[in-house]
Amino acid sequence: MSIPQELLSVIEQLNHEQLSALLDLALSFKNGEKSVSPTVESQAYQNCVSPDNDIYDEVFADEVTAR
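This structure is a prediction, so every number in the text was calculated from the model and none was measured.

The rules behind each value
Residues numbered from 1 in each chain as written. Predicted model: local features only at pLDDT ≥ 70, side-chain atom pairs only at ≥ 80, totals over all residues. Heavy atoms only, no water. Helix = DSSP H or I, 4+ residues; strand = E, 2+ residues; numbered from the N terminus. Buried < 20%, exposed > 50% of the residue type's maximum accessible area, 1.4 Å probe, protein only. Contact = heavy atoms within 4.5 Å. Expected span 1.5 Å × (residues − 1). Patch = residues over 30% accessible without salt bridge, like charges linked within 9 Å, V, L, I, M, F, W, Y side chains within 5 Å. Areas by Shrake-Rupley, 256 points an atom, 1.4 Å probe, with all protein chains shown as cover. Salt bridge = Lys/Arg side-chain N within 4 Å of Asp/Glu carboxyl O.

**Student:** Whenever I open this one, the environment of Leu-22 confuses me. Can you help?
**Tutor:** Secondary-structure assignment places Leu-22 in helix H2 (residues 16-30). Residue classification places Leu-22 among the partly exposed positions, given a relative accessible area of 28%. In this structure the C-alpha to C-alpha distance between Leu-22 and Ile-11, which are 11 residues apart in sequence, comes to 8.8 Å. If sequence neighbours within four positions are ignored, Leu-22 has contacts with Ile-11 and Leu-14.

Shown next, in the form of structure tokens:
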């Protein structure tokens, strides 16, 4: 199977959100960007590292209140 055929096969299995991310990546390559960092820029990543999602607040909650 050729690369374009394999890519089309994979694309057919993606949901709307995944297709949107793939389109952004493809447009970046088309516009001549040689390197992209979609993980660091993605909303999912930003949500994961946000202060609202700080796992240490939960894990060490007993120690924080003991001080």
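**Student:** Can you help me understand H2 in this one?
**Tutor:** Given 3.6 residues to a turn, an α-helix orients residues that are three or four positions apart in the same direction. The terminal C-alpha atoms of H2, which comprises 15 residues, lie 21 Å apart, in line with the 21 Å expected from a rise of 1.5 Å per residue. Immediately beyond the C-terminal end of H2, within one or two residues, lies Gly-32, with a positive phi of roughly 95°.

**Student:** I keep staring at a nonpolar patch on the surface and nothing clicks. Help me out?
**Tutor:** Among the surface-exposed residues, Ile-55, Val-59 and Phe-60 lie close enough to one another that they form a single nonpolar patch of about 280 Å² accessible area. Tracing the backbone through its elements, the reader meets Ile-55 in helix H5 (residues 55-59). Take Ile-55: its relative accessible area is 54%, and that puts it in the exposed class.

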